[in-house]
Amino acid sequence: METMLLDSSESDLATAAALIRQGHLVGIPTETVYGLGADAGNERAVRSIFEAKGRPSDNPLIVHLADFSQATNYTTSIPKLAYTLAEHFCPGPLTMVLPKNERIPMATSGGLDTVGIRVPSHPVMHRIIELAGCPIAAPSANTSGYPSPTSAQHVMADMNGRIAAIVDGGVSKFGVESTVISFDDENSVRILRPGCVTRDMLLEYCQCVTIDPAILKGLADGEKAASPGMKYKHYSPKADVVMIEGTASQVRRFAEENASDTTYFVIYSGDEENFPGKYITYGADSLQQAHSLFAILRDLDSLGADKVYVRAPAHDGVGLAVYNRLIRAAGFEVITL
Ligand code: TXA
Ligand code: MG
């Protein structure tokens, strides 16, 4: 199959929407990362998403809508708090897990009786959903286990020949996937995956926001995942990634002792002067680090890195999202200096 590269013109978006209606897979831009979209109600199309990514079939897909008001068509009940959060965060990088109805096939929900609903803010994605006239199921458009794509070129690298088309909507604004939450009770939510809608932002509207422990630790053997995605290896480039906790000067001393031709250090922007090893900077604050992390993990493979030490990001705010992706990319290997 030849994978078409489409742009964001109205005629190309109509082509993308028609392909989705016909049951094909299309790489689509969102404000978080690129998605691999299909008609969420078409079981055969949804199964081909899992096939193209090499994704375990019990890992549910997020369903994308043009407007939160459409969520009533695909769920059995929606808590009042979900409407409040939708008012403030939709469209945007927030996914809410809600009880699904029969219009969402089990193939889409990975066998669960819930569905993750998200209303993306990227205008290209929004227009594709409108034109397709159906809910769009879309996981991140990477090969399963590899870093998520934040550009059309990343999607092409992973999916060329396996999907009908890719729509180029530019580089993703946030660079990490949406915040996924579930509802614990009428006033409380649980963060299953941190993203750019942070705990503090949610606390403005919720009495209690629990950070699921698996976000930072990973699961113990036999422990049940609140979100199936927690179980799987993620975001890993070919290189062996290790996270290092320490100050800029501690990281510098560590680099003096551990530099080699194929070892790279991912450090904060501003810390690079006379750095004693091969390095890439990934931003000076958490938002910048979120924006560049996945692209850098991909670049490190092109550079032939075999060992990568990344200075740990902040653990709060958007930093928690970056930390969560990195600790998985590192297979939970952390060196504290
Ligand atoms: O920003 C995003 O969310 C991107 C863009 C394309 O929208 N999508 C994305 O999808 O990251 P994916 O499939 O790569 O990650 C979805 C995560 C998985 O960890 C999955 O287990 C979890 O959300 N999830 C989806 N539906 C769920 C459900 N019903 N209950 C619990 N977790 C769910
Ligand atoms: Mg993913």
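Since the model is a prediction, treat every value here as computed from it, not as a measurement.

A. Layout of the pattern of salt bridges. Applying the stated criterion across every chain yields a total of 10 salt bridges. Glu10 serves as the salt-bridge partner of Arg127, at 2.6 Å between the closest nitrogen and oxygen. Note that Arg127 is positioned in helix 5 (residues 123–132) and Glu10 in helix 1 (residues 10–21), a separation of 117 residues in sequence. Residue Arg127 is classed as partly exposed on the basis of its relative accessible area of 28%. According to the relative accessible area criterion, Glu10 is partly exposed, its value standing at 43%. With a shortest N-O distance of 2.7 Å, Arg118 and Glu31 are connected by a salt bridge.

B. Spotlight on the domain arrangement of the chain. Here the domain parsing of the chain yields domain 1 (4–217) and domain 2 (240–336). Centre-to-centre separation of domain 1 and domain 2, based on C-alpha positions: 28 Å. Where domain 1 abuts domain 2, roughly 1800 Å² becomes buried across the two surfaces, and 61% of that area is made up of carbon and sulfur atoms. If you look at where domain 1 meets domain 2, you find 2 salt bridges. A salt bridge links Asp158 to Arg298, with the shortest nitrogen-to-oxygen separation between them at 2.9 Å. Put simply, the parts of the chain that give the side of domain 1 that touches domain 2 at least two residues each are helix 6 (152–159) and helix 8 (214–217). The element contributing the most residues to the side of domain 1 that touches domain 2 is helix 8, with 4 residues.

Calculation criteria
Residues numbered from 1 in each chain as written. Chains lettered and ligands numbered in written order. Predicted model: local features only at pLDDT ≥ 70, side-chain atom pairs only at ≥ 80, totals over all residues. Heavy atoms only, no water. Salt bridge = Lys/Arg side-chain N within 4 Å of Asp/Glu carboxyl O. Helix = DSSP H or I, 4+ residues; strand = E, 2+ residues; numbered from the N terminus. Buried < 20%, exposed > 50% of the residue type's maximum accessible area, 1.4 Å probe, protein only. Domains from an automatic or database assignment. Buried area = accessible area lost by both parts, 1.4 Å probe.

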